[in-house]
Structures are given as C-alpha cells and as structure tokens.
Amino acid sequence: MSTASSPRTKIRRIPENAAYDRETLYAIIDATYLCHIAFHDDNGTHCLPMACWRTGEYLYIHGSNGSRLMKQLAGGLEVSIAISHLDGLVLARSAFNHSMNYRSAVIYGQFQKIATEADKSTAMDAFMDKIAIGRKNEARGGSQQELGATIVLRIPLNEAAAKVRSGPPIDDEKDLHIQAWTGVLPIVAQHVTPIAEAGNDVAEPEYVLLWTK
Ligand SMILES: Cc1cc2nc3c(=O)[nH]c(=O)nc-3n(C[C@H](O)[C@H](O)[C@H](O)COP(=O)(O)OP(=O)(O)OC[C@H]3O[C@@H](n4cnc5c(N)ncnc54)[C@H](O)[C@@H]3O)c2cc1C
C-alpha cells in the first residue's frame, strides 16, 4: 500500500510523515507488546490497553471470556487501535516548535473470533513465540479448560495507517538567532538484566542469556 486504504486512514496533518506500506506498519506492530483499543458502547467511548501480536496480515489479542471488552469485540464492534513508540523529545528554539520523534500506527475494523480450539492454540503459541522463541516448549501448555475460558480475536490489517517523525527540530527562520540548545533527547525502551525468581535454579535459556544483547 503506497496510498491510504480508506478516507479515514488518509493522514492530513503533516502528510509527509505518513506511511501506508506494509513493511512500515508491520515493523511498528512487531516492535510492540501493547496496543490501545478504542470502541464505543452503551456506556460511552472507551480506550483500553491490551497485549497484542501479529501473525501474517492479522493483529491478534486474547482475553477472558468474562471480559466485557472481549465479548463486545467478539460481537463485531467497530474499533480503532493505536500503537505508538516514543523515540525522542525534539527541542526547538521556540516553545511551539517542540515536537516528538515517534513511530505510530492506527488500525480500523472489526475483530473476528478464532473459532476452533486448534486455531486458538496455534494463535496462543505465536504469542508465546513473540514473548520468547522456544518458551512454548518449556512452559506448560494451556489446558482445554484454560483455552475454553479464553477468547482469541484477530483483526485484518487492511485498513491502517502509519505515521513516523524523525530527525531534528524545525524552527522558524525568524527564531534562528535565539541562543537555546536545540536537538533531540532520544528515548529507547531498553532490555535490562533478567531477574530470576528466588529459588528458581533452572539454567538460563538462550532467550534469557540474550535478553540484553
Ligand atoms: C507519541 C506521539 C505524540 C504526539 N503528540 C501530539 C501532540 O501533542 N499534539 C498533536 O497535535 N499531535 C500529536 N501527535 C500526532 C497525532 O497522533 C496526530 O497525528 C495529529 O494530532 C493529527 O491529528 P488529526 O486528527 O488532525 O490527523 P489527521 O491527519 O486528520 O488524521 C487522519 C487519519 O490519519 C491517521 N492518523 C492520524 N494520526 C496518526 C498517527 N499518529 N499514527 C498513525 N495514523 C495516524 C488516522 O487514521 C486518522 O484518522 C502525536 C503522535 C504520537 C505518536
């Protein structure tokens, strides 16, 4: 996709930062564990954080079958989903030209319920792979009861937009004489040293050893 897939995904504000290609969208999704899902019901408009992962052309979420959110989304409610990564604070010469560097995505559509236990299990394995490759072979798998109590949903990624800002501040010509420090204060989400649970003496698997690499 090189152009917006629908009128509502057409980025109008600073359109030069828009990206509609799958590579950019997938990279933004794959770099996150979280999304925020907005939906509207009889009690108003809500926006809730959820864990998420991507397999192919779908974004997946899971939750309890007792959850209002999951029940409503499984019923085909319209949603808008936001994912964002903050890469830096951008400091300009004037207060109103300060900005942020970021990568963000907005997805629209309706979730579909994963119907069979086998497909649910496959989807949940993909989630475990996202957490750590190989982990699904070490942790106890979900029981039939656990899978039965879980709703797994997926949404196609065909109505989405990405927006990316990078680089230095953009000052007005008339402000260039102002003697203030300008530039970017970068921000990264960092992997730090894993903390083994007290009393757990199992040798560290590769994904733990490599966590900070
Ligand atoms: C970390 C972060 C901080 C931000 N802080 C501010 C702020 O303080 N003030 C501010 O005005 N804006 C901020 N933005 C940008 C903001 O998300 C909007 O893009 C901007 O406000 C324009 O909104 P709009 O409704 O006029 O956009 P329009 O361009 O009219 O939006 C049209 C459509 O484009 C898509 N779209 C819009 N924004 C995004 C996006 N960020 N990512 C993916 N798709 C998008 C959606 O589908 C939307 O419906 C921030 C973005 C991020 C990621």
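Everything that follows concerns the structure shown earlier in this document.
Let me begin by describing the structure that accompanies this report. Predicted, not measured: the structure shown is a model, and the values here were computed from it.

### Let's talk about the state of the cysteines
As enumerated under the stated definition, the model contains zero disulfides in all. Cysteine Cys35 is unpaired, with the sulfur of Cys52 as its nearest cysteine sulfur at 4.0 Å. Cys47 takes part in no disulfide bond, and the closest cysteine sulfur to it belongs to Cys35, at a distance of 9.2 Å.

### Some points on the site of the ligand
The environment of the ligand is made up of 15 residues, and the closest members are Arg12, Arg13, Ser104, Tyr108 and Lys163. Relative to its free-state accessible area of 860 Å², the ligand is covered by the protein chains to the extent of 57%. Put simply, the parts of the chain that give the shell around the ligand at least two residues each are β7 (99-110) and β10 (160-165). Ranked by the residues each element gives to the shell around the ligand, the list is headed by β7, at six residues. For the shell around the ligand, the class distribution of residues is seven nonpolar, three polar and five charged.

### Thoughts on the side chain of Arg165
Tracing the sequence through the fold places Arg165 in strand β10. Although Arg165 is buried, it forms no salt bridge, and the closest oppositely charged side chain is Glu16 at an N-O distance of 8.9 Å. Beyond its immediate stretch of four places on either side in the chain, Arg165 contacts Asn17, Val90, Ser99, Met100, Asn101, Tyr102 and Ile170.

### Thoughts on the pattern of salt bridges
All told, the structure shown has 12 salt bridges when counted by the stated rule. Taking the shortest distance from any N to any O, the salt bridge between Glu117 and Lys120 comes out at 3.6 Å. Of this pair, Glu117 and Lys120 both sit in helix α3 (residues 117-131), three residues apart, which is roughly one turn of the helix. With a closest N to O distance of 3.7 Å, Asp175 and Lys174 form a salt bridge. Among the residues examined, Asp175 registers a relative accessible area of 9% and is labelled buried. Through salt bridges with shared partners, a single ionic network connects Arg8, Glu78 and Glu159.

Reading guide: rules and limits
- Residues numbered from 1 in each chain as written.
- Predicted model: local features only at pLDDT ≥ 70, side-chain atom pairs only at ≥ 80, totals over all residues.
- Heavy atoms only, no water.
- Disulfide = S-S within 2.5 Å.
- Near = heavy atom within 4 Å.
- Areas by Shrake-Rupley, 256 points an atom, 1.4 Å probe, with all protein chains shown as cover.
- Helix = DSSP H or I, 4+ residues; strand = E, 2+ residues; numbered from the N terminus.
- Nonpolar A, V, L, I, M, F, W, Y, C, P; charged D, E, K, R; others polar.
- Buried < 20%, exposed > 50% of the residue type's maximum accessible area, 1.4 Å probe, protein only.
- Lys, Arg positive; Asp, Glu negative; His and termini not counted.
- Salt bridge = Lys/Arg side-chain N within 4 Å of Asp/Glu carboxyl O.
- Contact = heavy atoms within 4.5 Å.

Shape descriptors only; they carry no functional weight alone.
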